[in-house]
Every structure is written in structure tokens, then in C-alpha cells.
Amino acid sequence: MNSIYLKRFRVKWLNRIVLELKRQPRVPVDSKTISPNVLSDKPLEEIAVLEIWEGNRQIGLGELFNIKGDTGGPTSDFHVVVSGDTRKIRCLGYRMSSGLLKIEGDAGMYVGEEMCGGLISVDGSAGSWLGSKMRGGSIEVFGDAGDHVGAAYRGSHEGMTGGQIRIHGDCGSEAGSWMSNGTVRVEGNAGMFPGVHMCGGIILIDGNCTGRAGAGMTGGMVIIRGRMETILPSFSIEQIRKRVKVREETIEGPFYVFRGDVGGARTGRIFVNVATNPQLIWCEKYLEAW
Amino acid sequence: MNAGRILRPEDHVNDVEAKTATTRSGVGHSVPSTLTTGYRYTKLGYTTVVEPATAPLKTKHTHEELNDIPILDKACFPVFGNNWLVMEYLSEGKLEECAAFVTWLLRATKGYAIKLVNPGGIEAWAWGKNVTSLDDQVPHFNITPREILRGLCKVNRLLNLPHAIHVHPNNLGKPGNFQTTIDTMDCLRDLREDRPILHMTHIQFEGYGGKDWFSITSKAPEIADYVNTYDHVTVDMGQIVFTDTTTMTSDGPFQYQLHLLNGNKWMNYDVEIESGAGIVPFRYRRSNLVNAVQWTVGLELALLVNSPWKVYLTTDHPNGGPFTSYPRIISWLMSKKAREAVMAKIPKGTRRRTCLESIDRELSFSEIAVMTRAGAAKALGLKHKGHLAVGADADIAVYPTDPKFVDPSNDYRELVKAFRNASYVLKEGEIVVHKGNVVKSTNGRTFWVNATAQEDLLSAILPELESKFAEYYTVKMENYLVREEYLGRSDPIQTAL
């Protein structure tokens, strides 16, 4: 599979700005201004005084980052590079709608929150709430991601509604909660509750899943290619499928297809790989009974 | 409020206020934190607010929150309409004992007025039922909502309390409920005095015609006619605005119906022998026909009631929308153009069901001043509020607009801006807001009514009350009482029989 990021990176980027972290912040930093939308049309002096919050202190962007590069071109061709140990920097790419954001180290929480277009690439790992409430665009993480990938905020019923997230490593719990559209692909393992309350869209897990996939789901698909110990009792076996299509790609199985959650509309589906899950063979007798 | 805050983290996350030199930080859109509530009201130019329904058992906490709200003067109304002891006294015809009990409870909770929420209905909800008319029997009590209303109205008259009884009637928020509303107002007509004896609150939620949600219509003209004809009743709007908000009322069965309607998360509460409560987040949508009708009903009522002394501006915060939308509501009342701008965006079916389009009235600045300040102060019986004569508190709001030069019907956007950020707000003579910023944070007073009762009756019912406490409540009476030291700045209002 080709990386989403590398495919687009072949384009020659004319406008490029590099934000290099000067010092390690002691407390979390809320930096909602770091996105191509905000930065592309501003001169460097103006960027240096953009407001960010370090804990309860408001500081200028220039106090925390060395800013180099050119600005002024169209946002769609604009390239923002963030380098340094940015684990405490939150909300990178907040509400971004076009352009490219490259994070060279590990990123903090809320990367690409509410983003609706463009591309974010994280070379290291990302914190929790990666792409939460995302509406469009793409995120690619080369390391691991934390909990709540593409999820709704706590208490909210509006999760990811579009776009795609690809994680080359593992992800934590509750990926894609309340998700209604879009694709999440985890090439490593996933934690508990992927697709909890989801009502549309696709979650594809190439590795193993700790369990309880699709709790309360009313639509969409969760596909698990690795091992998942048990399926929730609120799901029932429907059929065995040889392959499943995810957007343009066909994933070869065969897969057990479960339908649920019976607590809801029973319109969600979980695909679990037959070959890697011999412990689920019991469900085949219910299939024959149908 | 705290339960609402717990239920709605997503309400806080996008509305955050940082601390400044004079103010502390806070969060929340429809259920803001206490300090933010105080600052935002003050910035809008309001200096007195009332918590209109608090279960007596929970009033200790209510006062804790009120103490925490800066700058504003506060009061709270305990609920009486489903209290077992009130219902017992009234069903036995012991009106004077009931009056003594009301006095005791107002003193015990440091409350200000008698509030009734769905009289009889919340008690029925404890059995999974509701009352649907004034003459339904309350389960296990030999009493009807009509008798509770009349009984407490007589008690209010007997005690000569500063405010009328404050009523959230039965059948709230149901299509076709306007008849219950008119019945409620009419059942107290013969008790009228020289001043209003009944305040019908958030009347917008009570003015619907039709059989179900599909056939809902506005019955605002009928209600406005009644309010115009008789002098014993005042109302407030309970206007909705199209936004995401949190509905929270003491009316448990209504909240359950709302939860069934929108499928959103729901919290229910039963307060021992006194009351109940429910919380459901709700989004009023401009594209929704029912919500659009609700929006017009509130405005129709405010515009069709002739006297601004009889109808007051509210959103029933946070049920119809947060109080921060007052400036927009003022613009709708003062400008037909502003109303038409919204009318153009709501479903066309609304026009057939309502009459807002045909109303040309545009309120003047002085009428708005009465609706938001003087009228409400008069209804509450706060003699030192709502005017600038000798003896009044120097609570003054100055807005960056000049009534001589501004044309509210055309420049309504300017008006909203002006009303959002007062130039100056004075509280008790001190400048607390300058150019839309809180420059000084003071502590407001808490008003409560120290009613005079027949002391012999009061001492007669006390032993009985103590035994009832032991029998019914999970708390001891000593822990139930809110002592005066508990209030930040206590300001008792003495009444005479």
C-alpha cells in the first residue's frame, strides 16, 4: 500500500514554513493557530505574535518556535513543518481545510481536530483525540496513536464525519466513537471498543483488537484482520464472506460477518478474519441453523 | 446546574473564558460555571437574577452556587407544588397551618417566593404517571392540581408575600396545551386583588394548539387576549433561540417526554417528598417546523400583550437558550425587519400556523426597559430595583447606543452589538463593567423573605413537622435548615400579615 503522504509529497512545494521548537514547554500548549489556513497568508513577523496558550499564559508563537520560510502563496500549496519534541503541543492543524502539515517528531493531543481538508503527516506518534470530529482530509501517522482516534468529544454524539486516518502503528481505545463516515485504518493493533456507537464509515484494523468492537453500533463496518478473543454477545453471526471491499481496495478473507448491536438498530457489521480466529469457530453452527 | 454541567462536557469545550486581572476563568455555553454566569449577566447590563425553582432539600447547594456568583443580586424560589406536607394540609383544608408551614420553609431555605412546577404532576411521576388536567387526582393524595393552585394562591395572599405565586403549569410543552394554560389562569380569577396574584412563567412553552407535533399551531393570540383582559396575571416569554442548549426543569415527566422525542441523554431526579427534576440536552433547529413554531409563539406573546408591565423578557435560561441571547431577542422585538430575516429562513409551513408575520408592532426602548427591568422588579416586589428614584439601588446600565439617533427597526444589528456589551454597568454605585469588560468583581446580596406567620400556629405545627421529618426524610431537620450565616450577603425582606 502506498503512503498517502508520500504520494502527495512528490509535488514540488513552493511555500514552506518551518516551526522549530526552541524549548520544551513545562505545561501543555494550546496552539490552535498552527495550521496552513492561519499561517499561509501572513508575513513572518505577524506569525511570530500569533496567540497561543502555554498553560494559563498567553504567549506569541515566536516565543516558543523559531520560524523560518516563505509565506504568501495559495493555502492549498502551503507546507507547514513542525519540528522538535512537540508532545506537549496540542491542537496542531485545528480546523485546517487545505495545505499540508508535517510534524517531524511526536505530536500531542488533538492533532487535526475538526479538520475538513488537506493533509497532516506525523512522523512519530500522535497523542489521544487524533482527528477527533474530523470532517474531511487525510491524516497519516507513522508511529502509534493514542485513544479516541477520530472520536467524538466526551458527551458529544458527533464523531468523525469524513476523511481518512491512517496509522502505521498501534492505536488506543475507542477509535472512531460516534463516527458516521470516513475511514480509519490501523495497521498495528487496536485497543478496546473500536467503533463504539459508530453509525457509518469503516474502521479497518490490520492487527489484533483487545475486544468489544462495535459496542452500541448502529451502522458502518469494523474489520479485524488479526485476532479478537471474543465478540460481544449483542452481535449475531450473519454469514461468512470471502472478501470485503474498503473504498477502492479489496481485502481478502474469509471473514465471519456479525451484525449488531441488538441494543440498537442491528444495522452495524463486524468482519473478523476466520484464519486468525479459530476460537470463534463455535459461531459456524449458528450459521448452519439459519 | 451541577448535574447539567456533569452531563454536558461538550457544552463547555468550545466556550472557554480565560482569567483576567479582575475575573476568574470559566467554561460553558448553556450551563456556564457560576463565576462566568455572573460576569456574563453583568456584561449584558443585568444586576439581579433569580433562580426560579429549587427543591427545598437541595437549596443549601443552591445558596452555595448563588454565593459563588459574583456581582449579581440573587434570590431563589423553593418549589411547593408537589410537597407532601403542603398537599396534606391543603387536602385537609388546613389553610392557615399550610401558611405557617410555607413561612417556616421560606425561612428554613431562605427562599423568596412560592414556586409551583407542574402541580401534582411530579408527585404522579414518582408513580410513572402524570396529571393532564387541573381536575386529575394526584395519586395517594386526595387533591387535584386546581386545589393545590388555589390553596397556595390563598396562602400567598394570607402571608402577603412580595411576589405572586410563580407557576409552571401542567401539560407544559405539549401540543394543544393552551387550554390548560387558560384554565390555570382562570381558576384563580376570583381570588384577584389590587395586584397580580399569579405569574405564569415561560409562557411560550404553554401556548400550543393542535393535536400532535404534526398539527402544532400557535395559540399565542388566545393567551395574549386573556392576559390583556384580566389584571391578576403576569407572564414571561420563555423565548427560544436556535441554538444548542440544555433543558433542565423540575418537571420530571416533561423531561422524560423530551428525552423520548430527541433520543438524547437524560437525567432524572427524585427529591424525596418534595419534587423531582430532569435534564435533557436539546438543539433548537431553524429547519425544524415545531422549533420554528415555538420561536414565533414567544415573540407573538410578547408583542400581542399590550402592556410591557405584564410580560417580561426571558429565555427560561437555559431551557429556551442561554441568557446571552437576550440582545438578539430584544432586536426581534424592536425590529420587524429582524424578525423577517429569521422568518425567511424557517420552514414555510410556520406561516400558516402562526400570525407573527401580520404583527407590525415594534417595541420602543422604554418598553424594552420595562420588559427587562422595571416590570420584572415590580412583579417580584423588589421596591429598590427597576427604577432610579430616591431610595433605589444605583444599579445602572449604559449602552453604547443613542435612542435619539439610532433607528432600531433598520439598524437592529447595531442594536444587538450595543446590548451585548454595555459601556458602563454600575452595581450599588460602583462601576463594575467598562466597555464590555468586567473591571471590578463584587459580592451581591441574596434576598429572602422573612414572612410573618401566626406564631402560635407555627409553634403548634413544629412538633408535627419534626415527627414528619423523622418519618419521611433521609436528613435531620437541623441539617436541612439554611442558616443566615450561610448566605454571602443576606438581605431579608420582612413582610407583615
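In case you missed it, the structure is sitting above this.
Predicted, not measured: the structure shown is a model, and the values here were computed from it.

Calculation rules
- Note on numbering: residues in each chain are counted from 1, in written sequence order.
- Chain A is the first chain written and ligand 1 is the first ligand written, with later ones labelled in order.
- The predicted origin of the model limits local features to residues at a pLDDT of at least 70 and limits the giving and counting of side-chain atom pairs to 80 or more, whereas totals for whole chains, interfaces and linings rest on all residues.
- Numbered from the N terminus, helices here are DSSP runs of H or I no shorter than four residues, and strands are runs of E no shorter than two.
- With the radius of gyration taken over C-alpha atoms, the globule rule is written as 2.2 Å times the number of residues to the power 0.38.
- Think of it this way: build a C-beta for each residue from its backbone, and any pair within 7 Å is a contact.
- With C-beta atoms placed from the backbone, a residue is buried if 20 or more other C-beta atoms are within 10 Å of its own, exposed if 12 or fewer are, and partly exposed between those counts.
- As used here, a nonpolar core is made of buried Ala, Val, Leu, Ile, Met, Phe, Trp, Tyr and Cys residues. They are joined through C-beta atoms within 7 Å.
- Axes here mean lines fitted to C-alpha atoms, for a helix over just the part in contact, with angles spanning 0 to 180 degrees between N-to-C directions.
- An angle below 35 degrees is read as roughly parallel, one above 145 as roughly antiparallel, one from 65 to 115 as roughly perpendicular, and any other as oblique.
- We call a crossing left-handed when the near helix sits turned anticlockwise from the far one by less than a right angle, and right-handed when that turn is clockwise.
- Amino acids are sorted into nonpolar (Ala, Val, Leu, Ile, Met, Phe, Trp, Tyr, Cys and Pro), charged (Asp, Glu, Lys and Arg) and polar (every other residue, Gly among them).
- For two strands to be treated as a pair, DSSP must find no fewer than two bridges joining them.
- By arc we mean the arc of the directions from the helix axis to the C-beta atoms, nothing more.
- One less than the residue count of a helix, multiplied by 1.5 Å, gives the span that helix is expected to have.
- To get the bend at a given residue, fit one axis to the seven residues ending there, fit another to the seven starting there, and take the angle between those axes.

Along the backbone of chain B there are 19 helices and 20 strands. Here the C-alpha radius of gyration of chain B, 22 Å, is about what a compact globule of 497 residues would show, namely 23 Å. Seen through its C-alpha atoms, chain B measures out along the principal axes to roughly 65 × 55 × 45 Å. Long-range pairs, those at least 24 residues apart, make up 75% of the contacts in chain B with a sequence separation of at least 6.

The next point concerns the overall build of chain A. Each helix and strand in chain A was counted, giving five helices and 19 strands. With the C-alpha coordinates of chain A rotated into their principal frame, the extents come out at 70 × 40 × 25 Å. When burial is assessed residue by residue, chain A has 48% of its 290 residues classed as buried.

Cis geometry marks the peptide bond from A:Gly253 to A:Pro254, where omega comes out at 0°. Locating A:Pro254 in the fold gives a position in strand β18 (residues 249-260). Omega for the peptide link from B:His317 to B:Pro318 comes to 0°, which places this bond in the cis form. One can find B:Pro318 in the loop between β14 (311-312) and α13 (326-334). One non-glycine residue, A:Glu114, adopts positive backbone phi at about 55°.

Glancing now at the nonpolar core. Core analysis: the largest hydrophobic core is formed by 128 residues, its most contacted members being B:Phe101, B:Val102, B:Leu116, B:Leu152, B:Leu198, B:Leu301 and B:Leu333. Ranked by residue count, the leading element in this core is helix α12 (residues 289-304) of chain B, at nine residues. Filtering out sequence-adjacent residues up to four positions away, B:Leu152 remains in contact with B:Phe80, B:Ile114, B:Leu116 and B:Ile165. Membership of the second largest hydrophobic core comes to 78 residues, among which are A:Leu19, A:Val29, A:Val141 and A:Ala151.

Right, let's talk about the packing of helix α5 (residues 84-91) of chain B against helix α6 (residues 95-109) of chain B for a bit. All names here are of chain B. Taken N-terminus to C-terminus, the directions of α5 and α6 make an angle of 160°; their axes are 8 Å apart at the nearest point. With respect to each other, α5 and α6 are oriented roughly antiparallel. Two packed elements cross with a definite hand, and for α5 against α6 that hand is left-handed. Taken together, the residues of α6 that come into contact with α5 (itself represented by Leu85, Val86, Tyr89 and Leu90) are Glu97, Cys98 and Phe101. Counted by class, the contact of α5 with α6 contains six nonpolar, no polar and one charged residues.

Another aspect to go through is the pairing of strand β12 (residues 183-186) of chain A. Residues and elements named next belong to chain A. Both faces of β12 are covered, namely the face carrying Thr183 and Arg185 and the face carrying Val184 and Val186. Relative to β12, strand β11 (residues 164-167) runs parallel, the two being bridged by four bridges. Across the sheet, the residue bridging to Arg166 is Arg185, located in β12.

This brings us to the environment of B:Asn82. All names here are of chain B. Topologically, Asn82 is positioned in the loop between β4 (73-78) and α5. Between the alpha carbons of Asn82 and Ser275 there is a distance of 5.7 Å; along the sequence they are 193 residues apart. Leave out the neighbours within four places in its chain, and Asn82 touches Pro119, Gly120, Ile122, Glu123, Glu274 and Ser275.

This part is about the packing of α6(B) against helix α8 (residues 145-159) of chain B. All names here are of chain B. Their axes nearest at 9 Å, the elements α6 and α8 cross at an angle of 70°. Taken together, the axes of α6 and α8 lie roughly perpendicular to each other. The handedness of the crossing between α6 and α8 is right-handed. Side by side, α6 and α8 meet where Leu95, Cys98, Ala99, Val102 and Thr103 of the first sit next to Gly151, Lys154, Val155, Leu158 and Leu159 of the second. In the contact of α6 with α8, the residues fall into seven nonpolar, two polar and one charged.

What follows deals with the sheet that holds strand β12 (residues 267-271) of chain B. All names here are of chain B. If you walk across this open sheet you meet the three strands as β11-β13-β12, and the pairing is antiparallel. What marks the edges here is a single partner per strand, and that holds for β11 (244-249) and β12. Looking at each pair of strands side by side, their axes are set apart by 15° on average, direction ignored. Each of β11, β12 and β13 (275-283) touches helix α11 (residues 252-262); the most contacted strand, β13, lies at about 25° to it.

This part is about the sheet that holds strand β4 (residues 57-60) of chain A. In any sheet, the strands associate via hydrogen bonds between backbone groups, in a parallel or an antiparallel arrangement. Residue and element names in this part refer to chain A. One open sheet accounts for four strands, arranged β4-β3-β2-β7; its pairing is mixed. Of all the strands in the sheet, the pair left with one neighbour each is β4 and β7 (89-90). Direction of pairing for strand β3 (residues 51-54) relative to β4: antiparallel, over a ladder of four bridges. Residue pairing in the sheet places Trp53 in a bridge with Gln58 of β4.

Bringing the environment of B:Ile71 into the picture now. All names here are of chain B. When you line up the elements, Ile71 lands in the loop between α4 (59-68) and β4. A sequence separation of 249 residues divides Ile71 from Gly320, and the C-alpha atoms of the two residues are 24 Å apart. If we skip the residues at most four places from it in the chain, Ile71 touches Gly38, Thr42, Lys427, Val432, Ser441, Thr442 and Gly444.

Residue and element names in this part refer to chain B. Within helix α17 (residues 412-420), burial applies to Tyr412, Leu415, Ala418 and Phe419. Projected down its long axis, α17 carries its buried residues within an arc of 110°, all on one side. Those residues of α17 hidden inside the fold are in contact with α3 (34-44), α13 and α14 (336-343).

Another point: the environment of A:Gly263. Take A:Gly263: it is sitting in the loop between β18 and β19 (268-273). In contact with A:Gly263, other than residues within four places in its own chain, are A:Gly216 and A:Ser234.

All names here are of chain B. Helix length check: helix α18 (residues 455-472) (18 residues) gives 25 Å between terminal C-alpha atoms against 26 Å at 1.5 Å per residue, within 8%. Along α18, the helix axis deviates most sharply at Leu462, where the bend reaches about 30°; the proline Pro463 sits within four residues downstream. When you tally the buried positions in α18, you get one out of 18 residues, a small fraction of the element.

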